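Here is what each chain is made of, one letter per residue.
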Amino acid sequence: MSFSVVDVTDWPLMAEEPVGADVKEWICPPRAEALADGRENWWLYKPAKSGIRKMRGGLELSFRRMDDVVERLVCELARLVGVPAADVELASRSGVEGMISRNVTPRGWEFQSADIVLAGFPGYESCAGEDRPRRRVGHNLDNIRELLRDAGGPPGNCGNWSAFDVFVGLLTLDAWVANTDRHAFNWAVLDRDGQEAFEGLLDAMCTTLIALHDLRKQGGARNSTTAVTSLPLRAAS
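Residues numbered from 1 in each chain as written. Predicted model: local features only at pLDDT ≥ 70, side-chain atom pairs only at ≥ 80, totals over all residues. Heavy atoms only, no water.

Quick look at the overall build of the protein
Working step 1: When its secondary structure is counted, the protein shows 5 helices and 12 strands.
Working step 2: Here the protein, with 237 residues, has 43% of them falling under the buried criterion.
Working step 3: In the protein, the proportion of contacts linking residues at least 24 apart, taken out of those at least 6 apart, comes to 58%. (Helix = DSSP H or I, 4+ residues; strand = E, 2+ residues; numbered from the N terminus. Buried < 20%, exposed > 50% of the residue type's maximum accessible area, 1.4 Å probe, protein only. Contact = heavy atoms within 4.5 Å.)

A short note on helix H1 (residues 67-81)
Working step 1: If you check H1, its first and last C-alpha atoms are 21 Å apart, about what 15 residues at 1.5 Å a residue would give, namely 21 Å.
Working step 2: In terms of burial, H1 is largely enclosed, as 11 of its 15 residues are buried.
Working step 3: Taken residue by residue, H1 has Asp67, Asp68, Val69, Val70, Glu71, Arg72, Leu73, Val74, Cys75, Leu77 and Ala78 as its buried positions. (Expected span 1.5 Å × (residues − 1).)

Some details on a nonpolar patch on the surface
Working step 1: A surface patch of nonpolar side chains, about 260 Å² in accessible area, is lined by Met55, Leu59 and Leu61.
Working step 2: Positionally, leucine 59 belongs in the loop between strand S5 (50-54) and strand S6 (60-64).
Working step 3: A residue is classified by how much of its surface remains accessible, and leucine 59, at 48% relative accessible area, is partly exposed. (Patch = residues over 30% accessible without salt bridge, like charges linked within 9 Å, V, L, I, M, F, W, Y side chains within 5 Å. Areas by Shrake-Rupley, 256 points an atom, 1.4 Å probe, with all protein chains shown as cover. Salt bridge = Lys/Arg side-chain N within 4 Å of Asp/Glu carboxyl O.)

Regarding the side chain of serine 113
Working step 1: Note that serine 113 resides in strand S9 (residues 110-113).
Working step 2: Since its relative accessible area comes to 9%, serine 113 is described here as buried.
Working step 3: Excluding residues that lie within four positions of it along the chain, serine 113 makes contacts with Ala184, Phe185, Trp187 and Ala188.

Quick word on the pattern of salt bridges
Side chains bearing opposite charge may pair, as long as their charged atoms lie close to each other.
Working step 1: Applying the stated criterion across every chain, the model contains 15 salt bridges.
Working step 2: For the salt bridge of aspartate 87 with arginine 79, the shortest nitrogen-to-oxygen distance reads 2.9 Å.
Working step 3: For glutamate 146, the salt bridge is made with arginine 149, and the minimal N-O distance between the two is 3.2 Å.
Working step 4: Since its relative accessible area comes to 41%, glutamate 146 is described here as partly exposed.

Notes on the packing of aromatic side chains
Working step 1: All chains considered together, the criterion is met by 6 aromatic pairs.
Working step 2: Aromatic side chains tryptophan 11 and tryptophan 43 sit 6.4 Å apart centroid to centroid with 70° between the ring planes, which places their arrangement in the edge-to-face category. Placement of tryptophan 11 in the loop between strand S1 (2-7) and strand S2 (13-16) and of tryptophan 43 in strand S4 (residues 43-47) is noted, with a sequence separation of 32 residues between them.
Working step 3: Residue classification places tryptophan 11 among the buried residues on the basis of a relative accessible area of 12%.
Working step 4: Residue classification places tryptophan 43 among the buried positions, given a relative accessible area of 8%. (Phe/Tyr/Trp six-rings, centres within 6.5 Å; stacked < 30°, edge-to-face > 60°.)

Considering helix H4 (residues 163-177)
Working step 1: Across its 15 residues, H4 extends 21 Å between first and last C-alpha, which sits within 8% of the 21 Å expected from 1.5 Å per residue.
Working step 2: For H4, the full list of buried residues reads Ala163, Phe164, Val166, Phe167, Gly169, Leu170, Leu173, Asp174 and Val177.
Working step 3: Looking one or two residues beyond H4, the residue adopting positive phi is alanine 178, at roughly 65°.

This is the structure:
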């Protein structure tokens, strides 16, 4: 399986993304920059990450993480099984590899992360900040079902599906690709004049390839016990 790589070097910077610890940029195709479409043509650029692997004898090796390729692959898998997901493409910006993800908020709708809307539930602990609660207190099915009780699926994507039905589909996809990082900052609720809708898959970086690394650990705690078979990927420019 191969995916094309979009060169976004000439795409103008529209805004910095303040949420999250990593540097991310909202950019826009030059041909759409002058259009009065609000943020509908904005894409979020995320450069590829690197990591440090500790070896025996105290040696540390730097390696390129494959988060961008994983997110592109999971986006494709989500489409195959009908789970709503943001449009994702592999990208290169000034020679730096990464990915772009299209803005998921339609015109006239307000985006609210689940972390914000769940804050009204007793006992909920926010995921904001670097010191996130490991047990995700309050981020549970009972609260999520109540939150989404009167909401519909993503606008224009899921017909008459309820928001909670779509969320369950998202959890099923998580199980398939071994995603252990479904927290309240990577799904959201849309609002338009009091009408609420669920927004689909926003972030699928912590998935299959990371789970495979987890499975291969020798000793220690694991997040995963199974994982889908890895697929050979080649990014075609």
